[in-house]
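# A structural walkthrough
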Amino acid sequence: MPEWKRILGAMFLPTFLAAPRPSSWTLPASLQSLLELFPPIVLAVPKKKTSHSRKAMRSANKGLKDKHNLVHCPGCGSAKLAHHLCSNCYSSLNRGWKAQARQAGRSTAEVTVGS
């Protein structure tokens, strides 16, 4: 670059454009957060208030869904979720394990794990 172009360019350009660019770009130490980097106008903000009707329409699909995987327990016949333990059968088994533990004088953790 000829000398006269560099001098003329430095006179008419702002200092940050006229100065030679560094090889690696780094953030200035004076930036404390991203809010200083971007003004609040640039951040994502809704243009208008969302009406009650629009909120209700958006949340209409968030309700509880029906269970389609209900089956009858083969042991007691009560309704249970497929591939899950029946709560009635489990409670009767649990009572039996605790009764065995009380008779043997051991804790319930020893009976269920040790047997």
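Conventions and cut-offs
- Residues numbered from 1 in each chain as written.
- Predicted model: local features only at pLDDT ≥ 70, side-chain atom pairs only at ≥ 80, totals over all residues.
- Heavy atoms only, no water.
- pLDDT = per-residue confidence, 0-100.
- Helix = DSSP H or I, 4+ residues; strand = E, 2+ residues; numbered from the N terminus.
- Patch = residues over 30% accessible without salt bridge, like charges linked within 9 Å, V, L, I, M, F, W, Y side chains within 5 Å.
- Areas by Shrake-Rupley, 256 points an atom, 1.4 Å probe, with all protein chains shown as cover.
- Salt bridge = Lys/Arg side-chain N within 4 Å of Asp/Glu carboxyl O.
- Buried < 20%, exposed > 50% of the residue type's maximum accessible area, 1.4 Å probe, protein only.
- Phe/Tyr/Trp six-rings, centres within 6.5 Å; stacked < 30°, edge-to-face > 60°.
- Polar contact = N/O pair within 3.5 Å; in protein donor to acceptor, adjacent residues only side chain to side chain.
- Contact = heavy atoms within 4.5 Å.
- Lys, Arg positive; Asp, Glu negative; His and termini not counted.

Moving on, we come to the confidence of the model for the protein chain. Considering every residue of the protein chain, the mean pLDDT works out to 77; 56% of them sit at 70 or more. When mean pLDDT is compared element by element in the protein chain, strand β1 (residues 70–72) scores highest at 94, while helix α6 (residues 108–114) scores lowest at 57.

Our focus in this paragraph is a nonpolar patch on the surface. Taken together, Leu85, Tyr90, Leu93 and Trp97 make up a surface patch of nonpolar side chains, about 420 Å² in accessible area. Assignment of secondary structure puts Tyr90 in helix α5 (residues 87–104). Judged by its relative accessible area of 39%, Tyr90 falls in the partly exposed class.

In this section: the packing of aromatic side chains. With the rule as written, the count across this model stands at 1 aromatic pair. Taking the centre distance of 6.4 Å and the plane angle of 80° together, the rings of Tyr90 and Trp97 count as edge-to-face. Using a relative accessible area of 31% as the deciding quantity, one classes Trp97 as partly exposed.

Looking now at the side chain of Ser78. Mapping Ser78 onto the fold places it in the loop between β1 and β2 (79–81). Side-chain polar atoms of Ser78 contact the side chain of Asn88, separated by 3.2 Å. In this structure Ser78 touches Val71, His72, Cys73, Cys86 and Asn88, once residues within four positions along its chain are discounted.

Attention now goes to the side chain of Lys80. If you trace the backbone, Lys80 turns up in strand β2. The buried charged residue Lys80 lacks any salt bridge, with Asp66 as its nearest oppositely charged partner at 19 Å. Among the polar contacts listed, one links the side chain of Lys80 to the backbone oxygen of His84, at a separation of 2.9 Å. With near-sequence residues (within four places) excluded, Lys80 lies in contact with Asn69, Leu70, Val71, Cys73, Pro74, Leu85 and Cys86.

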